[in-house]
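Examining the three-dimensional arrangement
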Amino acid sequence: MLGKPVVLVTRTLPPAVEERLRGDYDVWLNRDDRPIPPEDLPALARRLGAQAMLVTPTDRLERGVIEALPNSVAIIASFSVGYEHIDHNAAARRGILVTNTPGVLSDATADVALLLMLGAARRASEGERLVRSGYWKGLTPVQLLGRHLHGQRLGILGMGRIGQALAERARPLGLEIHYHNRTPIAEDAAKGAIFHATVEDLLAVSDVLSLHCPATPLTRKLLNAERLALLPPGAIVVNTARGILIDDEALIAALNSGQIFAAGLDVYDNEPDLHPAYRSLPNVFLLPHLGSATIETRTAMGFLALDNLDAYFGGREPPHRVA
Ligand code: DGY
């Protein structure tokens, strides 16, 4: 190949990642970080003669977009572990490789799951709003009473890297760990966590439920009204995985009725246009998809995306190829 490979980068990345990109590639960077409409990406890639695209979960690369990409594009490296935003089957048909960034964001995401769990259980949003409002009149014995987590059962739906990292953090808080996975994990990794063979069995024992499964057509609206009804009354629901795992109407109804005590959400269906009812419900603790948002983690994600590109352009198999 003559010269450096041309890489189209759709969003602004941490400084160290952009520096490495500038050193190793002929790179087009999104200077003002404005989202690029997906339908504009093929023309941009064609104009640049891009051989690679480095994209994020906000870039929805559906079939039409993948099919319209110029033949020069050989690899799409996603700056994320989730890759449901890329039609990888369409990419495979075009012979375009797709890669992701697993592993490096497990700790940061598990931290946020714990934050959401505590924030939802201890009514942190309501408390913070009260202090900011100027209407707080001082401590009262019955103000904003939350739920104690010690001794509760934490159900982890999807016991992969992030689920296991959450279990590590929850054990010292005195939570009993339960989980459902396609298959039980090894005993030394489970560390006493109790396996449930079905989602429904897990729900029945989850005083706190945390979602850690990938977004696929099979997991769309997995937590629907019927399944929410299986949770113990007053359960807490936490989601750091993907918004489409939850049937929003059903969760909102359960939060309104009190069947679910509170929810902690970092991800939403159709981000950033979340269901408007979430904004007005007092018993939801909301974050704007911050799971992996530490400088260390986002830099590590960028480096992993670049490791994938380096391997491909060096004639090797990318370490994290998903299609
Ligand atoms: C991912 O990597 O899939 C996250 O949602 C983005 O941090």
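Presented here is a report on the structure given in the accompanying data block.

Rules used throughout
Residues numbered from 1 in each chain as written. Predicted model: local features only at pLDDT ≥ 70, side-chain atom pairs only at ≥ 80, totals over all residues. Heavy atoms only, no water. Helix = DSSP H or I, 4+ residues; strand = E, 2+ residues; numbered from the N terminus. Rg over C-alpha atoms; globule rule 2.2 N^0.38 Å. Buried < 20%, exposed > 50% of the residue type's maximum accessible area, 1.4 Å probe, protein only. Contact = heavy atoms within 4.5 Å. Areas by Shrake-Rupley, 256 points an atom, 1.4 Å probe, with all protein chains shown as cover. Lys, Arg positive; Asp, Glu negative; His and termini not counted. Charge placed at Lys NZ, Arg CZ, Asp CG, Glu CD. Axes fitted to C-alpha atoms, helices over the stretch in contact; angles between N-to-C directions. Parallel < 35°, antiparallel > 145°, perpendicular 65-115°, else oblique. Left-handed = near helix turned anticlockwise from the far one by under 90°. Nonpolar A, V, L, I, M, F, W, Y, C, P; charged D, E, K, R; others polar. Near = heavy atom within 4 Å. Polar contact = N/O pair within 3.5 Å; in protein donor to acceptor, adjacent residues only side chain to side chain. Pairing = 2+ DSSP bridges. Salt bridge = Lys/Arg side-chain N within 4 Å of Asp/Glu carboxyl O.

Some points on the overall build of the protein
Looking only at helices and strands, the protein features 13 helices and 12 strands. Here the C-alpha radius of gyration of the protein, 21 Å, is about what a compact globule of 323 residues would show, namely 20 Å. Expressed along its principal axes, the backbone C-alpha trace of the protein runs to roughly 70 × 50 × 30 Å. The buried share of the protein, taken over its 323 residues, is 51%. Counted over contacts in the protein with a minimum sequence separation of 6, partners at least 24 positions apart contribute 60%. Entry remark: accessible area of the protein is about 15300 Å², with carbon and sulfur atoms responsible for 55%. Once the 32 positive and 36 negative side-chain charges of the protein are each reduced to a mean point, those two points are 2 Å apart.

Brief notes about the packing of helix H5 (residues 106-121) against helix H7 (residues 161-170)
Running from N to C, H5 and H7 cross one another at 55°; their axes reach a closest spacing of 8 Å. In this view, H5 runs oblique relative to H7, as classed from their interaxial angle. Both H5 and H7 take part in a crossing whose hand is right-handed. Contacts between H5 and H7 pair Ser106, Asp107, Thr109, Ala110, Asp111, Ala113, Leu114 and Met117 from the former with Arg161, Ile162, Ala165, Leu166 and Arg169 from the latter. For the contact of H5 with H7, the per-class residue count stands at seven nonpolar, two polar and four charged.

So, the site of the ligand
Near the ligand the following residues occur: Ser80, Val81, Gly82, Leu105, Arg242, His289, Ser292, Arg298 and Met301. Separating an oxygen atom of the ligand from a backbone N or O atom of valine 81 is a distance of 2.7 Å. In the environment of the ligand, an oxygen atom lies 2.7 Å from a nitrogen or oxygen atom belonging to the side chain of arginine 242. The class makeup of the residues in the shell around the ligand is three nonpolar, four polar and two charged.

Regarding the sheet that holds strand E7 (residues 176-180)
With parallel pairing, the seven strands of this open sheet are ordered in space as E8-E7-E6-E9-E10-E11-E12. Unpaired on one side and paired on the other, strand E8 (194-195) and strand E12 (284-286) mark the two borders of the sheet. Alignment of strand E11 (residues 260-265) against E12, held across three bridges, turns out to be parallel. Looking at E12, one finds that glycine 264 is bridged to phenylalanine 285. Running over the sheet, helix H11 (residues 248-257) touches strand E10 (235-239), E11 and E12 and is turned about 135° from E11.

Here we look at the sheet that holds strand E4 (residues 75-78)
Across a sheet, paired strands are connected by hydrogen bonds in the backbone, their directions being either parallel or antiparallel. Reading across the sheet, the five strands line up as E2-E1-E3-E4-E5 and stay open at both edges, with parallel pairing between neighbours. Unpaired on one side and paired on the other, strand E2 (26-28) and strand E5 (97-99) mark the two borders of the sheet. Neighbouring strand axes in the sheet, compared pairwise and without regard to direction, differ in orientation by 20° on average.

Some thoughts on the pattern of salt bridges
For the structure on display, the rule yields 18 salt bridges. A salt bridge links aspartate 111 to arginine 169; the shortest N-O distance between them is 2.6 Å. In this pair, aspartate 111 is assigned in helix H5 and arginine 169 in helix H7, connecting sequence segments 58 residues apart. Exposure remark for aspartate 111: the relative accessible area of 41% places this residue in the partly exposed category. Note that glutamate 317 and arginine 321 form a salt bridge whose closest N and O atoms lie 3.5 Å from each other. The exposure class of arginine 321 is partly exposed, given its relative accessible area of 39%. One salt-bridge network, in which partners are shared between bridges, spans Arg20, Asp307 and Asp310.

Shape is all these values report; function is a separate question.
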